[in-house]
Amino acid sequence: MRIISPSFYLPSPVNYLKDLDYSVVQQCIHCGMCLPTCPTYMETKIERNSPRGRIALMRAIADGQLEAGRAFADEMYFCLGCLACETACPAGVDYTGLFEMARAEAERNRALPSPLRRLVRWLLLDVLFRQQWRLRLVGRFLWFYQATGLQMLVRRSGLLLLLPKSLRHLEAKTPKIQRHFSPDLIAPEESPASRRSPSDGPPLGTAAATYRVALLTGCVQDLIYSDVNRDTADVLRANGCTVITPPQQGCCGSLQAHNGEYEQAKDSARRLLDHFDFDSLDAIITNAAGCGSHLKHFDRLLRDDPLYAAKAQQWSEKVKDISEWLVEIDFRAPDKSPTQARVTYHDACHLCHGQKITVQPRELLAKIPGLDVAPLTESMWCCGSAGIYNLIQPEMADKLLQRKLDHIASTGATIVATGNPGCLLQIQNGLATRGLKIEVAHPVTLLAKAYRSEK
């Protein structure tokens with residue numbers, strides 16, 4: 001039986017920034033080293049669009065000198081949350097915590113009071129992402145809409161021209177939904193005989209079980225990249241891991257935490273913790289950089305929860321990105337690869353800046369025969385996806401995307417590898433719009449293909 005901490009029912013703090021440990025707000029020494037790493041500042045050259053400027057606004061609210069009004073909220077949502085400033089900061093500013101508290105305070109203060117905005121947020125955050133079955137139900141309808149050709153028919157009919165420009169922009173970014181979701185591709189406790197539907201390739205061999213790991217299948221990832229989840233499970237099994245995948249594990253809460261719904265994020269974390277027996281696991285594996293960065297902070301998120309604080313601490317210690325875990329266990333290099341290709345690697349922001357993982361994905365790619373890994377200029381510069389940033393700030397997101405695509409095209413690569421679903425989708429859409437025939441793939445997918453070619 002799931003137990004929800006009583007703290008979930010308490011009203012939110014009087015002020016998220018005022019209630020924050022003041023030493024965190026004071027960390028910024030205003031040195032300016034973050035400025036050239038901040039995509040929004042480098043585009044506008046406006047101080048308030050920089051990490052330093054935003055922290056100054058947060059401190060003014062903590063000091064009671066400023067109210068979290070419309071201007072403050074607009075600035076917090078203009079921030080990508082890419083965390084490049086954390087990598088550059090010599091003072092170790094915890095911008096992740098400040099950023100989340102700032103958006104939470106803006107939402108608590110109802111600084112953006114649009115009724116339509118509140119309705120959309122309620123439908124997405126309170127309804128759709130709170131229960132995985134609801135999300136999968138919507139996914140089934142979308143898959144049918146796409147697979148039957150209805151989507152193409154509607155697009156060609158001109159009916160979409162009747163919609164506002166903003167909605168036409170959203171419709172154009174509708175991702176392709178997978179026919180099979182993760183529970184159909186991966187059994188709860190994976191073994192060679194437990195597969196419940198055919199994959200796009202032959203099954204991989206299973207090494208003698210040495211480790212027992214849980215695989216997080218995500219929410220959006222489950223709908224549009226369930227094949228990546230399958231590849232991840234196959235690669236883990238090929239390297240001596242028994243894979244546990246609870247079918248109803250649901251959303252981790254990163255979407256809520258990054259969009260100002262801090263109490264909802266806590267509840268999502270509790271729901272997820274209830275699905276796993278930590279003592280029986282060597283690691284908890286994620287293949288989505290944005291989720292992984294949030295997952296590793298469960299200890300901070302639930303530190304004041306008397307029922308979940310210890311579990312959250314144990315959880316955070318065991319969460320590993322798939323590339324991080326594979327390198328840690330000295331994964332087996334494939335004997336051959338099905339393809340000879342030039343590949344370049346884009347660092348997902350929450351993998352390189354949020355989790356400080358940069359070497360491991362490149363080591364994974366370097367061990368795949370037949371791949372020539374080309375360096376990517378500004379590989380750690382945001383592609384503009386940033387969660388739902390490309391939906392709420394399309395103009396700035398597109399500027400960043402075009403900058404990224406220019407660098408990708410200059411490498412001469414035929415494959416772009418990256419470890420986050422948002423980046424995969426953003427770059428795929430951008431390349432398709434430009435008409436560039438460049439494959440976009442998760443590094444673990446390339447490794448899984450190489451293992452399959454051995455058979």
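Since the structure is predicted, the reported quantities are computational estimates derived from the model, not experimental observations.

About the criteria used
Along each chain, residues carry numbers from 1 onward, in the same order as the chain's sequence is written. Predicted model: local features are reported for residues with pLDDT of at least 70 only, side-chain atom pairs are reported and counted for 80 or more only, and whole-chain, interface and lining totals are derived from all residues. Just so you know, side-chain values use all the structure's heavy atoms and leave hydrogens and water out. A pair of strands is treated as paired once DSSP finds two or more bridges between them. Numbering goes from the N terminus for both helices and strands, where a helix is a DSSP run of H or I of at least four residues and a strand is a run of E of at least two. Under this scheme, a helix contributes an axis fitted over its contacting stretch, all axes are lines through C-alpha atoms, and angles between N-to-C directions fall in the 0 to 180 degree range. The salt bridge definition used is simple: a Lys or Arg side-chain nitrogen within 4 Å of an Asp or Glu carboxyl oxygen. The classification of residues rests on relative accessible area computed with a 1.4 Å probe and restricted to protein chains. Under 20% of the type maximum is buried, over 50% is exposed, and intermediate values are partly exposed. Polar contacts here mean pairs of N or O atoms no more than 3.5 Å apart (in protein, one a potential hydrogen donor and the other a potential acceptor; neighbouring residues in sequence count only if both atoms are side-chain atoms). Whether two residues are in contact is decided by their heavy atoms: any pair within 4.5 Å suffices. A pocket here means an open set of points on a 1 Å grid, computed over the protein atoms alone, that has protein on both sides within 12 Å along at least five of seven lines. A cavity is instead a set of points where a 1.4 Å probe fits but cannot get out; residues with an atom within 4 Å of a point line either one. Grid points are joined across faces, edges and corners, and a volume is the space filled by probe spheres set on the points. Classification used: nonpolar for Ala, Val, Leu, Ile, Met, Phe, Trp, Tyr, Cys and Pro, charged for Asp, Glu, Lys and Arg, polar for all others including Gly. By this rule, a helix spans an expected 1.5 Å times one less than how many residues it contains.

A. Structural view of the sheet that holds strand E7 (residues 415-417). The four strands are arranged E6-E5-E7-E8 in an open sheet whose pairing can be described as parallel. Two strands close off the open sheet at either side, each with one partner strand: strand E6 (371-374) and strand E8 (439-441). Direction aside, the axes of adjacent strands within the sheet are offset by 30° on average. Here strand E5 (residues 341-345) pairs with E7 via three bridges, running parallel. Bridging across to E7, Val343 finds its partner in Ile415.

B. Inspection of the pattern of salt bridges at higher detail. Applying the stated criterion across every chain yields a total of 29 salt bridges. With its nearest N and O atoms 3.6 Å apart, the salt bridge here joins Glu107 to Arg121. Residue Glu107 is found in helix H6 (residues 95-108), and its partner Arg121 is found in helix H7 (residues 115-127); the two are separated by 14 residues along the sequence. The burial state of Glu107 is the same as that of Arg121; both residues are buried.

C. Structural view of the side chain of Ser379. Mapped onto the elements of the fold, Ser379 is located in the loop between E6 and helix H22 (389-392). Within the structure, the side chain of Ser379 is placed 2.9 Å from the side chain of Asp347, a separation counted as a polar contact. At 3.3 Å, the side chain of Ser379 and the side chain of Arg362 are in polar contact. If we skip the residues at most four places from it in the chain, Ser379 touches Tyr345, His346, Asp347, Arg362 and Lys404.

D. Quick look at empty space enclosed by the protein. One pass over the structure, following the stated rule, counts seven cavities of 30 Å³ or more. Taken as a whole, the largest cavity spans an internal volume of roughly 150 Å³. Lining the largest cavity we find 18 residues, and of these Cys28, Cys34, Ile55, Cys89 and Val93 sit closest to its centre. Mapped by element, the contributors of at least two residues to the lining of the largest cavity are helix H3 (51-62) and helix H5 (84-88). When grouped by side-chain class, the residues that make up the lining of the largest cavity number 14 nonpolar, two polar and two charged.

E. The arrangement of H3 in detail. The first and last C-alpha atoms of H3 sit 16 Å apart over twelve residues, in line with the 16 Å expected at 1.5 Å per residue. Among the twelve residues of H3, nine are classified as buried, and the element is accordingly described as predominantly covered. For H3, the full list of buried residues reads Pro51, Arg52, Gly53, Arg54, Ile55, Met58, Ala60, Ile61 and Ala62. Looking at the buried side of H3, the elements it contacts are helix H1 (22-26), helix H2 (39-44), helix H4 (70-78), H5 and H6.

F. Representation of the sheet that holds strand E2 (residues 241-244) within the structure. Pairing is parallel across the open sheet formed by four strands, whose spatial order is E2-E1-E3-E4. Looking at strand neighbours, the two that pair on one side only are E2 and strand E4 (319-321), the edges of this open sheet. Averaged over all pairs of adjacent strands, the angle between their axes in this sheet comes to 35°, without regard to strand direction. Sheet topology places strand E3 (residues 283-286) next to E4; three bridges connect them, and they run parallel. Counterpart to Ile285 in the pairing with E4 is Lys320. The sheet contacts of helix H13 (residues 226-238) involve strand E1 (211-215), E2 and E3, and relative to E2 the element is tilted by about 150°. The strands touched by helix H18 (residues 309-318) are E3 and E4; relative to E4, the strand with the most contacts, the crossing angle is about 25°.

G. Layout of unusual backbone geometry. The phi angle at Asp330 is positive, at roughly 60°, despite the residue not being glycine. The residue Asp330 is located in the loop between helix H19 (322-328) and E5 in this model. One non-glycine residue, Ala386, adopts positive backbone phi at about 50°. Along the chain, the position of Ala386 falls in the loop between E6 and H22. Judged by relative accessible area, Ala386 falls into the partly exposed class, the value being 27%.

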